[in-house]
Amino acid sequence: MSSTYIEKQVQGEKSSDVVWHLASVSREERANSNKQSPAVLWFTGLSGSGKSTIANAVDKMLFDLGNKTYLLDGDNVRHGLNGDLGFSDSDRIENIRRIGEVAKLFVDAGLIVSTAFISPFTSDRKIARDLLAANEFIEVFIDTPLDVCESRDPKGYTRKLAQEKYLTLLVSHRLMRHQARLRFMLNL
């Protein structure tokens, strides 16, 4: 027995019988109710760069200041929503596409969302950025030297980069330095 849904997803088609339902509460009303400007703080950098640690600290600080926040961390999201994805280029692209959509929903709800993802491809971050208004997407690049990332990367991704097995990710990492709105340089 085949599923029409699965067949459409495999062929890349969208369902023609889906209609957008307008909510009675607008995103502006939600933002006003929360007394804040919703946004996505998109923390990116190599594995072991400290992006999850920094994103978590920023989320906690904003929360302690009375803001309505949420943290989307790469590993945590891969335990659930993106548990069916691996680390091929196409799976990385789909991972970021899904996170962009989830982050957009949280912004629509009036929250400040911190995300922590390697997100090496400029085009994927652009897709996530384009889902939001210009002032709602703030890319933060955690610029940590490769040797420091390698020394504290329990998964070994950075070591693989250093061995040039993942040249695409290393080149993308260098490009991220110039494209982010904010850049944190860590040598700790």
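Please read these numbers as outputs of a predicted model, since none were measured by experiment.

Participant: Describe the pattern of salt bridges, naming the residues involved and giving the relevant values.
Facilitator: Inspection of the entire model under this criterion finds ten salt bridges. With a shortest N-O distance of 2.9 Å, Asp64 and Lys60 are connected by a salt bridge. With Asp64 and Lys60 both in helix α3 (residues 51-64), this residue pair falls four residues apart, about one helical turn. A residue is classified by how much of its surface remains accessible, and Asp64, at 51% relative accessible area, is exposed. For Glu139, the salt bridge goes to Arg125, with nearest N and O atoms at 3.0 Å. Taken together, the residues span a long stretch of sequence, with Glu139 in strand β4 (residues 137-143) and Arg125 in helix α6 (residues 122-130) at a distance of 14 residues.

Participant: Could you give an account of the packing of aromatic side chains, with specific residues and numbers?
Facilitator: What the rule picks out here adds up to three aromatic pairs. An aromatic cluster is present here, built from Trp42, Phe117 and Phe137 joined pairwise through their rings.

Participant: Tell me about the nonpolar core, and name the residues and values.
Facilitator: Val40, Trp42, Leu72, Ile99, Val113, Phe117 and Phe137 are the most contacted members of the largest nonpolar core, which has 15 residues in total. It is helix α5 (residues 89-108) that provides the largest number of residues to this core, a total of five residues. Contact partners of Val113, with chain neighbours within four places excluded, come to Ala39, Val40, Leu41, Tyr70, Leu72, Ala103, Phe106 and Val107. One finds Phe43, Ala55, Ile112 and Val140 within the second-largest nonpolar core, a separate group that totals ten residues.

Participant: Report on the pairing of strand β1 (residues 39-44), specifying residues and quantitative values.
Facilitator: For a regular strand, the rule is simple: side chains alternate between the two faces of the sheet. In terms of residue burial, β1 counts as a mostly covered element, since six of its six residues are buried. Side chains Ala39, Leu41 and Phe43 of β1 all project onto a buried face; the interleaved residues Val40, Trp42 and Thr44 project onto the opposite face, where all are buried too. In this sheet, strand β3 (residues 112-116) lies alongside β1 in parallel orientation, the contact comprising five bridges. When the bridges of β3 are listed, Val40 appears paired with Val113. Inspection of the sheet shows β1 paired to β4 by five bridges, in the parallel sense. Bridging across to β4, Phe43 finds its partner in Val140.

Rules behind the numbers
Residues numbered from 1 in each chain as written. Predicted model: local features only at pLDDT ≥ 70, side-chain atom pairs only at ≥ 80, totals over all residues. Heavy atoms only, no water. Salt bridge = Lys/Arg side-chain N within 4 Å of Asp/Glu carboxyl O. Helix = DSSP H or I, 4+ residues; strand = E, 2+ residues; numbered from the N terminus. Buried < 20%, exposed > 50% of the residue type's maximum accessible area, 1.4 Å probe, protein only. Phe/Tyr/Trp six-rings, centres within 6.5 Å; stacked < 30°, edge-to-face > 60°. Core = buried A, V, L, I, M, F, W, Y, C linked by side-chain atoms within 4.5 Å. Contact = heavy atoms within 4.5 Å. Pairing = 2+ DSSP bridges.

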